[in-house]
Amino acid sequence: MTRPFVLLVVAKAPVPGLAKTRLCPPATPPQAAEIAAAALLDTLDAVCAVPGALPVVAMTGDLGAAARAAEIAVALRRVTAIPQRGWDFGARLANAHADAAAVHSGRPILQIGMDTPQVTPASLGSAAAPILHGGRDSVLGPAVDGGWWALGLAEPRHAQVLAGVPMSRDDTGIRTLRALVACGLRPGGATRLSDVDTMADARTVAATCPDGRFARAVAAVGGRAAA
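Keep in mind the model is a prediction, meaning the values are calculated, not measured.

Reading guide: rules and limits
Residues numbered from 1 in each chain as written. Predicted model: local features only at pLDDT ≥ 70, side-chain atom pairs only at ≥ 80, totals over all residues. Heavy atoms only, no water. Helix = DSSP H or I, 4+ residues; strand = E, 2+ residues; numbered from the N terminus. Contact = heavy atoms within 4.5 Å. Areas by Shrake-Rupley, 256 points an atom, 1.4 Å probe, with all protein chains shown as cover. 1 Å grid on protein atoms, 1.4 Å probe; cavity = no way out; pocket = protein on both sides within 12 Å on 5 of 7 lines; lining within 4 Å. Points joined across faces, edges and corners; volume = space filled by probe spheres on them. Nonpolar A, V, L, I, M, F, W, Y, C, P; charged D, E, K, R; others polar. Buried < 20%, exposed > 50% of the residue type's maximum accessible area, 1.4 Å probe, protein only. Core = buried A, V, L, I, M, F, W, Y, C linked by side-chain atoms within 4.5 Å. Pairing = 2+ DSSP bridges. Axes fitted to C-alpha atoms, helices over the stretch in contact; angles between N-to-C directions. Salt bridge = Lys/Arg side-chain N within 4 Å of Asp/Glu carboxyl O.

Details of the overall build of the protein chain
When helices and strands are tallied, the protein chain shows 7 helices and 7 strands. Overall, the protein chain shows an N-to-C arrangement of helices and strands of β-α-β-α-β-α-β-α-β-β-α-β-α-α. The C-alpha extent of the protein chain, read off along each of the three principal axes, is 50 × 35 × 35 Å. Sequence separation of 24 or more characterises 71% of the internal contacts of the protein chain that already satisfy a separation of 6 or more. For the protein chain, the accessible surface area stands at approximately 9900 Å², while carbon and sulfur atoms represent 55% of it.

Considerations on the layout of surface pockets
Estimates place the volume of the largest pocket at around 960 Å³. Lys 20, Phe 89, Asp 115, Ser 168 and Asp 197 are, among the 33 residues lining the largest pocket, the residues nearest its centre. Broken down by secondary-structure element, the contributors of at least two residues to the lining of the largest pocket are strand S1 (5-12), helix H3 (89-103), strand S4 (109-112) and strand S6 (148-153). The class makeup of the residues in the lining of the largest pocket is 14 nonpolar, 9 polar and 10 charged.

Examining the environment of Ala 100
Position of Ala 100 among the secondary structure elements: in helix H3. For Ala 100, a relative accessible area of 0% translates into the label buried. For the pair Ala 100 and Ala 81, spaced 19 residues apart in the sequence, the C-alpha separation amounts to 9.3 Å. Leaving out residues up to four positions away in the same chain, Ala 100 has contacts with Val 6, Leu 8, Val 56, Ile 82 and Ile 109.

Looking at the nonpolar core
Of all hydrophobic cores here, the largest spans 39 residues; its most connected members are Phe 5, Leu 7, Val 57, Leu 110, Ile 112, Leu 124 and Trp 149. At the level of secondary structure, the elements contributing two or more residues to this core comprise S1, helix H1 (29-48), strand S2 (53-60), helix H2 (69-76), S4, helix H4 (121-132) and S6. Beyond its immediate stretch of four places on either side in the chain, Phe 5 contacts Val 50, Pro 51, Gly 52, Ala 53, Leu 54, Arg 107, Pro 108, Leu 110, Ala 128 and Leu 132. Grouped together as the second largest cluster of nonpolar side chains are 22 residues, Leu 8, Ala 96, Ala 100 and Ala 179 included.

Digging into the sheet that holds strand S3 (residues 80-83)
Ordered by their spatial adjacency, 7 strands build an open sheet running S3-S2-S1-S4-S6-S5-S7, and the pairing between neighbours is mixed. Of all the strands in the sheet, just S3 and strand S7 (188-189) have a single pairing partner and so form its edges. Relative to S6, strand S5 (residues 138-142) is paired through 5 bridges, and the arrangement is antiparallel. Residue pairing in the sheet places Val 139 in a bridge with Gly 152 of S6. Against the sheet, H1 contacts S1, S2 and S4, and its axis sits at roughly 175 degrees relative to S1. Running at roughly 140 degrees to S1, H3 makes contact with S1, S2, S3, S4 and S6 of the sheet.

Structural notes on the pattern of salt bridges
The full count for this structure, using the stated rule, is 10 salt bridges. Ionic pairing is found between Lys 20 and Asp 115, a salt bridge with its closest N-O pair at 3.0 Å. Placement of the pair is Lys 20 in the loop between S1 and H1 and Asp 115 in the loop between S4 and H4, with a sequence separation of 95 residues. A single salt-bridge network, built from bridges that share partners, covers Glu 34, Asp 42, Asp 45, Arg 68, Glu 71, Arg 78 and Arg 213.

Describing unusual backbone geometry
The general pattern is negative phi for most residues beyond glycine and trans for most peptide bonds. Residue Cys 24 is joined to Pro 25 through a cis peptide bond whose omega torsion reads -15 degrees. In this fold, Pro 25 is placed in the loop between S1 and H1. At Lys 20, a residue that is not glycine, the phi angle is positive and equals roughly 50 degrees. Among the residues examined, Lys 20 registers a relative accessible area of 18% and is labelled buried. Phi is positive for Arg 68, close to 55 degrees, though the residue is something other than glycine. Tracing the backbone shows Arg 68 in the loop between S2 and H2. Since its relative accessible area comes to 26%, Arg 68 is described here as partly exposed.

In C-alpha cells, the structure reads:
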C-alpha cells in the first residue's frame, strides 16, 4: 500500500497581463494566460491521479479574472485549496508547507509548482519515493534553468529554510540545496526537468507532452520561439 503524503501545488491565478508575461511576444497576454491555465489544469490532473497523494493547492491571485476560470474552479473541487500568505515568494513557499501540514498533520510533503505540466502520476510518485520509501529526509528536483521544480520533505517544518533563499534566480537550486544541508538534512535527487519561463521553454516542454491542454495552448501561438 502506498504511504499517504501531501502533494502540494503552489499556483498563481492565470490572469491576462499578470501570468507568464515572459511569453510575450510572441504570445499575447490572453494567450500567455491560456498557456498558464492549461499548465495548471494538466498539472492538477496528474496530481489527482497519484496513488496515495493528498492534493493541496496554495493559490494566489484573482481566480475570477483568470483564463479558464470556470474550468479551474471545477478542478479545484478535487483538492484542498488554501490561500498563499507571505511577503515574498520564499516566505509564501514556507508558509504553504506549514499550512498544508496543518491540514494533513504528520504527512510528508512533496511540493511542486504549475510550470512543469509534463509531470505524470508516475514521475510525481518517483519524485516522492525517496521520502516515502527510500529513507531520505528530503528530496530536491532540479530545474534546467538553475532553480528547482520539486521539494520533498519528510518533516514539513524544515520548509522554513525557504524563507531565507532568494527565489527565481539561476542559483536558486544550489542555494536551496545548501540551506537544506545547513539545517541537517541529506537531500536526495529527483529527475531534472525544464520549467516554463519563455516561449522557447514552452515549446520544448509541449513537445514532451503533446496530448495535453498545455501543448494545444502553446500550438495556438504563432511565430517562432526566441533563440
